[in-house]
Amino acid sequence: MDSLLVPLNSVWGFLNSAIVIAFVGGLTGALGGALGAQHIIERAARRAELLRELRNTNAATMAGFSIVNAALALKNQHVQPMFEKFHADKAALAKFETDRAAGQLPPGTQFPVVADLRSFPAPIVPLETLKTLVFEKISAQGRGLALVSVIEQSLVGLHNAIGHRDAMCGRFQSGAIPNQQIPYYYFGRPLPEGTNQEYPDLVESIHEYVDDLAFFAALLCEDLNSHAEAVRKTFSDKFRKEAPNAAAADFSGPRKSGLLPPEKNYADWLKAFATKDPNEAVAQ
């Protein structure tokens with residue numbers, strides 16, 4: 001038994017030697033230092049990630065805001081006046097025909113048609129910038145992605161409808177459609193060979209597309225602002241520091257005036273995308 005104590009004492013002595021203690025201490029310190037360094041690196045990376053997400057979300061909000069402004073400016077300056085004049089003229093024509101049928105007008109009286117054939121440009125907006133930011137640069141989910149798609153569809157539809165109206169106005173002005181037939185094409189009235197509803201349909205389509213473009217872009221701005229606020233809160237909670245402000249857009253004026261269409265016009269679309277907690281997409 002005593003013969004075993006000698007080796008054990010030797011081993012114990014070796015383990016308690018200055019060399020071994022220094023080695024183990026150094027190894028522990030190196031491991032702790034490595035873990036600490038890794039934590040610092042990961043924390044810095046997360047901080048940079050959140051700031052990048054916030055900046056890109058703010059940039060997307062501003063792109064969306066530009067689209068709303070372009071749509072509302074087009075509607076206010078061109079589309080709404082065209083739309084209102086067309087329907088006022090159409091109502092005046094219906095009254096004229098009623099009065100003529102009732103014998104309240106001299107025989108042979110013709111309705112004075114003053115067609116609104118003024119052209120206007122389709123809006124130029126930062127759609128590609130918005131798509132890149134939302135699809136590639138931020139963690140948008142669900143409704144945000146769908147909104148960008150429907151914004152693009154509305155913009156394409158608006159461009160096409162404006163182009164087709166310009167072409168038809170050119171036909172009116174060039175004489176391709178005889179003057180005596182212009183009221184029938186302009187108002188979509190029956191002709192011997194049938195009814196052509198192309199121009200009235202274009203007026204309605206342009207009005208609907210510009211409303212869609214403004215509404216969905218405004219809704220996207222609101223969703224992006226909610227997401228940016230969630231990212232900002234995550235940053236503040238994690239790092240105990242203030243992050244840059246979340247970009248916000250105020251559409252209360254256009255909504256109050258009726259220039260921006262109300263949500264009730266899009267109730268069916270909105271039902272398909274229940275609003276989610278904006279924090280859901282922001283990993284803690």
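As a reminder, the structure under discussion sits directly above these lines.
Note that the structure is predicted; figures quoted are calculated from it, not measured. (Residues numbered from 1 in each chain as written. Predicted model: local features only at pLDDT ≥ 70, side-chain atom pairs only at ≥ 80, totals over all residues. Heavy atoms only, no water.)

Engineer: Outline the overall build of the chain, supporting the account with residue identities and numerical values.
Structural biologist: From N to C terminus, the chain includes eight helices and two strands. For the chain, the succession of helices and strands along the chain, N to C, is α-α-α-α-α-β-β-α-α-α. Put simply, the chain has 284 residues, and 36% of those count as buried. Considering only residue pairs separated by 6 or more positions, the chain has 78% of its internal contacts joining residues 24 or more positions apart. Summed over its atoms, the accessible surface of the chain is roughly 16,300 Å², and 58% of this surface lies on carbon and sulfur atoms. (Helix = DSSP H or I, 4+ residues; strand = E, 2+ residues; numbered from the N terminus. Buried < 20%, exposed > 50% of the residue type's maximum accessible area, 1.4 Å probe, protein only. Contact = heavy atoms within 4.5 Å. Areas by Shrake-Rupley, 256 points an atom, 1.4 Å probe, with all protein chains shown as cover.)

Engineer: Could you give an account of the nonpolar core, naming the residues involved and the relevant values?
Structural biologist: Counting 59 residues, the largest nonpolar core has Leu 130, Ile 151, Phe 172, Tyr 186, Tyr 199 and Ile 206 as its most contacted members. If you list the elements that add at least two residues to this core, you get helix H2 (18-101), helix H3 (127-137), helix H4 (143-174), helix H5 (182-187) and helix H6 (198-239). Here this core gets 15 residues from one element, more than from any other, and that element is H6. If near-sequence neighbours (up to four positions away) are discounted, Tyr 199 is found in contact with Phe 86, Asp 116, Arg 165, Met 168, Cys 169, Phe 172, Tyr 185 and Tyr 186. In this structure, Leu 50, Leu 51, Ala 243 and Ala 246 belong to the second largest nonpolar core, which totals nine residues. (Core = buried A, V, L, I, M, F, W, Y, C linked by side-chain atoms within 4.5 Å.)

Engineer: A description of the packing of H3 against H4 should follow, citing residues and the corresponding values.
Structural biologist: Between H3 and H4, the least distance of the axes is 10 Å, while the angle of their chain directions is 165 degrees. Considered as vectors, H3 and H4 are oriented roughly antiparallel to each other. Note that H3 runs across H4; the crossing there is left-handed. Between H3 and H4, the contacting residues are Leu 127, Leu 130, Lys 131, Val 134 and Phe 135 on the first element and Gly 144, Leu 145, Val 148, Ser 149, Ile 151, Glu 152 and Leu 155 on the second. By residue class, the composition of the contact of H3 with H4 is eight nonpolar, two polar and two charged. (Axes fitted to C-alpha atoms, helices over the stretch in contact; angles between N-to-C directions. Parallel < 35°, antiparallel > 145°, perpendicular 65-115°, else oblique. Left-handed = near helix turned anticlockwise from the far one by under 90°. Nonpolar A, V, L, I, M, F, W, Y, C, P; charged D, E, K, R; others polar.)

Engineer: Account for the side chain of Asp 212, naming residues and giving values.
Structural biologist: With respect to the element layout, Asp 212 can be found in helix H6. No salt bridge is formed by the buried Asp 212. Its closest oppositely charged neighbour is Lys 75, at 9.5 Å. Once you skip the residues sitting within four places of it in the chain, Asp 212 turns out to touch Ser 154 and Tyr 266. (Lys, Arg positive; Asp, Glu negative; His and termini not counted. Salt bridge = Lys/Arg side-chain N within 4 Å of Asp/Glu carboxyl O.)

Engineer: Pulling in residues and values, what's your account of the side chain of Lys 131?
Structural biologist: Considering the arrangement of structural elements, one finds Lys 131 in helix H3. Classification of Lys 131 as buried rests on a relative accessible area of 16%.

Engineer: Report on H6, specifying residues and quantitative values.
Structural biologist: The end-to-end C-alpha separation of H6 is 60 Å, in line with the 62 Å expected for 42 residues at 1.5 Å each. Residue Arg 240 follows H6 closely and has a positive phi angle near 55 degrees. (Expected span 1.5 Å × (residues − 1).)

Engineer: Could you give an account of the environment of Pro 254, with specific residues and numbers?
Structural biologist: Tracing the chain through its elements places Pro 254 in helix H7 (residues 252-257). Linking Pro 254 and Leu 72, residues 182 residues apart in sequence, is a C-alpha distance of 8.2 Å. The residues touching Pro 254, leaving out its near neighbours within four places in the chain, are Leu 72, Leu 259 and Leu 260.

Engineer: Tell me about the packing of H4 against H6, residues and numbers included.
Structural biologist: Viewed as axis vectors pointing N to C, H4 and H6 meet at an angle of 155 degrees, and their least axial separation amounts to 8 Å. Of the possible angle classes, the one that applies to H4 and H6 is roughly antiparallel. Here H4 and H6 pass one another in a crossing that is left-handed. Among the residues making up the contact of H4 with H6, the classes are represented as 21 nonpolar, five polar and six charged.

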